[in-house]
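Analysis of the macromolecular model
Given next are the chains, with one letter for each unit.
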Amino acid sequence: MWLMKSSAIMWFRQDLRLADHPALCAAAAAGEVLPVYVLDDETPGAWPMGAASRWWLHHSLAKLMERVPLILRRGAADRVLDDLLRDTGAMAIYFTRGYAPWSGNLERRVKEKAGAHGATVQRYGGFLLHEPETIRNGSGEAYKVYTPFARACFAAGEPKPPRAAPELRWWRGTTASDSLADLKLLPVKPNWASGFEGHWQPGEVGARQRLAAFLAEGLAGYATGRDEPALTVTSRLSPHLQSGEISPAELWRATRDAAARAGGRLDGAAEKFLKEVLWREFSYHLLHHFPHIPEHAFKPEFEAFPWRNDGESLRRWQRGLTGYPIVDAGMRELWSTGTMHNRVRMIAASFLIKDLLIDWR
């Protein structure tokens with residue numbers, strides 16, 4: 001069955017939600033929506049997804065599929081979308097922009113293949129608060145230091161208010177889809193992720209519940225408590241943001257609103273938390289403007305640093321067996337829960353490169 005001209009493919013990526021979703025809102029306004037997720041382990045240069053991230057993805061997709069008739073495919077995304085355009089007759093593809101070094105080339109290939117079918121491609125933001133081209137220093141260059149970058153973001157004004165989920169008319173045709181089990185995202189025996197389930201609730205609902213709990217229980221003590229690994233005052237929103245189950249704009253607005261409801265008593269804590277949100281923003285801006293940094297030193301003078309090739313020390317660090325309690329506690333927390341307290345993460349990473357002198361790559 002072929003789509004009508006007013007129908008479009010919604011290519012879900014790291015935006016597994018319905019609310020505050022610019023690309024989805026635009027696709028909904030265009031007509032019937034064919035929602036698609038592609039598990040892409042084939043695009044040249046793309047980073048392979050880790051096993052813990054795959055565990056999260058499985059559960060996030062499962063939650064999204066409770067609300068969305070999602071088509072699942074696996075393969076190179078540009079090829080899969082090309083096949084879907086041919087099979088369905090769709091005349092448009094909507095998606096959220098990516099920021100990895102290989103994302104731009106992939107998105108250009110998608111546009112080229114869509115053009116061969118006479119279809120249009122519409123790309124939107126939503127994964128970040130500010131697009132990397134919009135925050136520049138006085139010379140028009142990208143910021144390399146966090147503090148002036150954060151000041152510029154605050155000076156840019158408040159993000160646009162988050163939008164509610166749009167009314168959606170799903171595509172009424174049929175096309176082949178893999179099952180979620182076909183994607184083989186969960187660990188096989190032994191189930192090393194068994195401890196994750198007690199700590200996390202992937203999905204858009206879980207993200208919103210996590211945010212609400214943090215604002216009610218953690219924000220008041222966040223300004224100083226975030227430095228204490230034994231306290232539970234950090235937001236634990238990172239994996240939800242990474243999967244796009246909640247937008248940074250919704251998180252930002254909710255934090256501002258919580259501070260306002262407290263009559264200004266939480267303004268300092270809110271400001272501190274939003275500055276941490278801007279660290280995420282800064283990292284993606286650096287990645288966009290300096291795409292070499294995942295594999296090379298940010299400062300060229302460190303490119304020839306004399307790292308030690310010490311496999312045994314690396315394995316002991318990875319397993320939490322260094323003999324340094326704070327490092328080992330953090331690494332064991334990572335193994336058990338999939339995450340690590342942010343301050344311990346800095347200590348463990350610093351220990352790896354500055355004490356063990358092991359190459360961070």
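Attention here is on the structure that accompanies the text. Note that the coordinates shown come from a computational prediction; the quantities given were computed from them, not determined experimentally.

With respect to the secondary-structure elements, R163 resides in the loop between α5 (146–155) and α6 (204–217). When its relative accessible area of 51% is taken as the criterion, R163 is described as exposed. Put simply, R163 and M340 are 177 residues apart on the chain and 32 Å apart in space, counted from C-alpha to C-alpha. Aside from chain neighbours lying at most four places away, what touches R163 is A19, D20 and C25.

Right, let's talk about the nonpolar core for a bit. Membership of the largest hydrophobic core comes to 34 residues, with the highest contact counts inside it found for L219, L251, F273 and L278. For this core, the elements supplying multiple residues, two or more each, are α5, α6, α9 (248–261) and α10 (267–289). Take this core: its biggest share by element is eight residues, from α10. Discounting residues that sit within four places of it in the chain, L219 has contacts with F214, T255, A258, L266, A269, A270 and F273. In terms of nonpolar packing, the next biggest core, distinct from the first, is built from 23 residues, A27, L39, Y94 and L183 among them.

Before going further, it helps to examine the layout of surface pockets. Rolled over the atoms, a probe as big as a water molecule pinpoints where empty space is left. There is about 440 Å³ of room inside the second largest pocket. P22, G126, L128, L129 and K160 are the residues nearest the centre of the second largest pocket, which is lined by 17 residues in total. The class makeup of the residues in the lining of the second largest pocket is eight nonpolar, five polar and four charged.

Most of strand β1 (residues 8–12) sits inside the fold, with five of its five residues counted as buried. Of the two faces of β1, the one carrying A8, M10 and F12 and the one carrying I9 and W11 are both buried. In this sheet, strand β2 (residues 33–39) lies alongside β1 in parallel orientation, the contact comprising five bridges. The partner of F12 across the bridge, within β2, is Y37. In this region the chain leaves β1, passes through helix α1 (residues 22–30) and returns to the parallel neighbour β2; the handedness of that crossover is right-handed. Sheet topology places β1 next to strand β4 (residues 92–96); three bridges connect them, and they run parallel.

Analysis parameters
Residues numbered from 1 in each chain as written. Predicted model: local features only at pLDDT ≥ 70, side-chain atom pairs only at ≥ 80, totals over all residues. Heavy atoms only, no water. Helix = DSSP H or I, 4+ residues; strand = E, 2+ residues; numbered from the N terminus. Buried < 20%, exposed > 50% of the residue type's maximum accessible area, 1.4 Å probe, protein only. Contact = heavy atoms within 4.5 Å. Core = buried A, V, L, I, M, F, W, Y, C linked by side-chain atoms within 4.5 Å. 1 Å grid on protein atoms, 1.4 Å probe; cavity = no way out; pocket = protein on both sides within 12 Å on 5 of 7 lines; lining within 4 Å. Points joined across faces, edges and corners; volume = space filled by probe spheres on them. Nonpolar A, V, L, I, M, F, W, Y, C, P; charged D, E, K, R; others polar. Pairing = 2+ DSSP bridges. Right-handed = clockwise from strand over helix to strand, strands pointing away.

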